[in-house]
Amino acid sequence: MTTVTTRTVTYPADGLTMVGHLALPAGAGRRPAVLIGPEGMGLSDVERRRADALAESGYVALAFDLHGGRYFEDPQDMLARCLPLLADPDRMRGIGHAALDVLCAEPRADPERTAAIGYGTGGAVALELGRDGVDLRAIGTVNGLITGRPGEAARIRCPVWAGVGSEDPIMPPAQREAFTAEMRAAGVDWRLTVYGGALHAFHHPPVDHAAPPGVGHHPRHAQRAWRDIVDLLAECLPVSE
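Residues numbered from 1 in each chain as written. Predicted model: local features only at pLDDT ≥ 70, side-chain atom pairs only at ≥ 80, totals over all residues. Heavy atoms only, no water.

Regarding the overall build of the chain
Here comes step 1: Each helix and strand in the chain was counted, giving six helices and eight strands.
Here comes step 2: Computed over its C-alpha atoms, the radius of gyration of the chain comes to 16 Å, within 12% of the 18 Å expected for a compact globule of 241 residues.
Here comes step 3: When its C-alpha atoms are laid out on the principal axes, the chain stretches across 45 × 40 × 35 Å.
Here comes step 4: In the chain, 68% of the contacts between residues at least 6 apart in sequence involve partners at least 24 apart.
Here comes step 5: Per element, the accessible surface of the chain, about 9900 Å² overall, is 52% carbon and sulfur.
Here comes step 6: Of note, the chain has its 23 positive side-chain charges centred 3 Å away from the centre of its 30 negative side-chain charges. (Helix = DSSP H or I, 4+ residues; strand = E, 2+ residues; numbered from the N terminus. Rg over C-alpha atoms; globule rule 2.2 N^0.38 Å. Contact = heavy atoms within 4.5 Å. Areas by Shrake-Rupley, 256 points an atom, 1.4 Å probe, with all protein chains shown as cover. Lys, Arg positive; Asp, Glu negative; His and termini not counted. Charge placed at Lys NZ, Arg CZ, Asp CG, Glu CD.)

Here we look at the packing of aromatic side chains
Here comes step 1: Tallied over the entire structure, the rule returns one aromatic pair.
Here comes step 2: Summarising the aromatic geometry, the rings of Tyr195 and Phe202 are spaced 5.1 Å apart at their centres and angled 45 degrees between planes, so their arrangement reads as tilted.
Here comes step 3: With relative accessibility at 4%, the residue Tyr195 sits in the buried group.
Here comes step 4: On the basis of relative accessibility, which here comes to 0%, the residue Phe202 falls in the buried class.
Here comes step 5: Stacked on the ring of Tyr119, the Lys or Arg Arg50 has its end atom at 4.7 Å from the ring centre. (Phe/Tyr/Trp six-rings, centres within 6.5 Å; stacked < 30°, edge-to-face > 60°. Buried < 20%, exposed > 50% of the residue type's maximum accessible area, 1.4 Å probe, protein only. Lys NZ or Arg CZ within 6 Å of the ring centre and 35° of its normal.)

Comments concerning the layout of surface pockets
Over the atoms rolls a probe the size of a water molecule, and its path tells where empty space is left.
Here comes step 1: Of the pockets and cavities examined, the largest pocket occupies roughly 490 Å³.
Here comes step 2: Looking at the largest pocket, it is lined by 30 residues, and the ones nearest its centre are Glu39, Met78, Ile170, His200 and Pro212.
Here comes step 3: The set of elements that each furnish at least two residues to the lining of the largest pocket consists of helix 2 (75–86) and helix 4 (121–131).
Here comes step 4: The class makeup of the residues in the lining of the largest pocket is 19 nonpolar, ten polar and one charged. (1 Å grid on protein atoms, 1.4 Å probe; cavity = no way out; pocket = protein on both sides within 12 Å on 5 of 7 lines; lining within 4 Å. Points joined across faces, edges and corners; volume = space filled by probe spheres on them. Nonpolar A, V, L, I, M, F, W, Y, C, P; charged D, E, K, R; others polar.)

Observations concerning the nonpolar core
Nonpolar side chains in soluble globular proteins generally cluster together in the buried interior.
Here comes step 1: Leu35, Phe64, Leu103, Ile139, Ile156 and Val160 are the most contacted members of the largest nonpolar core, which has 41 residues in total.
Here comes step 2: Among the elements that take part in this core, helix 3 (residues 89–105) stands out by supplying six residues, more than any other.
Here comes step 3: Those residues within four positions of Leu103 in sequence are excluded, and the remaining contacts are Leu22, Ala33, Val34, Leu35, Val60, Ala61, Leu62 and Ala109.
Here comes step 4: Membership of the second largest hydrophobic core comes to 25 residues, among which are Ile36, Tyr119, Ala138 and Trp161. (Core = buried A, V, L, I, M, F, W, Y, C linked by side-chain atoms within 4.5 Å.)

Quick look at the pairing of strand 3 (residues 31–37)
Walk down a regular strand and you will see the side chains alternate between the two sheet faces.
Here comes step 1: Strand 3 sits mainly inside the fold: six of its seven residues count as buried.
Here comes step 2: Where strand 3 lies against strand 5 (residues 109–119), six bridges are found, and the strand directions are parallel. Opposite Gly37, over in strand 5, you have Gly118 as the bridge partner.
Here comes step 3: In terms of strand pairing, strand 3 meets strand 4 (residues 60–63) through four bridges, oriented parallel. Looking at the pairing, Leu35 lines up with Leu62 of strand 4.
Here comes step 4: Crossover connection from strand 3 via helix 1 (residues 45–56) to parallel strand 4: handedness right-handed. (Pairing = 2+ DSSP bridges. Right-handed = clockwise from strand over helix to strand, strands pointing away.)

Thoughts on the side chain of Asp110
Here comes step 1: Within the element layout of this structure, Asp110 appears in strand 5.
Here comes step 2: Of the polar contacts made by the side chain of Asp110, one reaches the backbone nitrogen of Glu112; its length is 2.9 Å. (Polar contact = N/O pair within 3.5 Å; in protein donor to acceptor, adjacent residues only side chain to side chain.)

Comments concerning the side chain of Glu182
Here comes step 1: Structurally, Glu182 is set in helix 5 (residues 173–186).
Here comes step 2: On the accessibility criterion, Glu182 (13% relative accessible area) is buried.
Here comes step 3: Side chain to side chain, Glu182 and Arg131 meet in a polar contact 3.0 Å long.
Here comes step 4: Ignoring sequence-local partners within four residues, the contact set of Glu182 consists of Arg131, Ile146, Thr147, Gly148 and Ala153.

Some remarks on helix 3
Here comes step 1: Between its first and last C-alpha atoms helix 3 spans 24 Å; for 17 residues at 1.5 Å apiece the expected length is 24 Å, and the two agree.
Here comes step 2: Taken together, the buried positions of helix 3 are occupied by Pro89, Met92, Arg93, Ile95, Gly96, Ala98, Ala99, Leu100 and Leu103. (Expected span 1.5 Å × (residues − 1).)

Topic: the sheet that holds strand 2 (residues 16–24)
Strands belonging to one sheet form pairs held by backbone hydrogen bonds; the direction of such a pair is parallel or antiparallel.
Here comes step 1: Taken together, the eight strands give an open sheet; going across it, the order is 1-2-4-3-5-6-7-8, and neighbouring strands pair in mixed fashion. Two strands close off the open sheet at either side, each with one partner strand: strand 1 (5–13) and strand 8 (190–195). Taking the axes of each pair of neighbouring strands and ignoring which way they run, one obtains an average angle of 20 degrees across the sheet.
Here comes step 2: As paired elements, strand 5 and strand 6 (residues 139–142) share four bridges and run parallel to each other. Across the sheet, the residue bridging to Ala116 is Ile139, located in strand 6.
Here comes step 3: Packing of helix 5 onto the sheet brings it into contact with strand 7 (160–165) and strand 8, and relative to strand 8 it is tilted by some 165 degrees. (Axes fitted to C-alpha atoms, helices over the stretch in contact; angles between N-to-C directions.)

Structure (structure tokens):
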């Protein structure tokens, strides 16, 4: 098994001190690099483990923070933080750029070969980096089909893959249609995978605290969505390149 090195990184963003999780693959050379954004609750061991898994595969991976080290167990507290954030593309871009700067400053990371993936709010941040014209190789988002300001999707310079549960009340069919219309109008190389029977945050293991309505784990689709993300990275950001 490949040896992975991890460390906590702190950096300023959105008026807060963010606390991210950086995972490095074995070896000494530069490797492609991936940002991983968490669900609205905040950075958890779920995203840290995914960063570690990508490092096992040869990527430099940073699971970034949204809330200055906080994890919101109360859904109302989470919504009070996330809804204004999701309504403000510039704030999301600021959070994304700050994390990307940390990732690209890592000597093991190749700043010319980066991708951004994320879940929920973290996925929306990844999309906003694309709409801001960042030179990414791929964008992947699960549960985060947030549309942007008119015309800005034309700045996306890489393939976009999106996944969503068919029964997700937070990302209902109308939201999916608005997202796909935005991607089509912008001429983006995009794909949308709808996972039958899945709710919002279906990829996230069950939590031991209250969750918003419409949230639920779907083990099979969680595995499939992760494989889809890994395949996206293998296609657009191969380690052997």
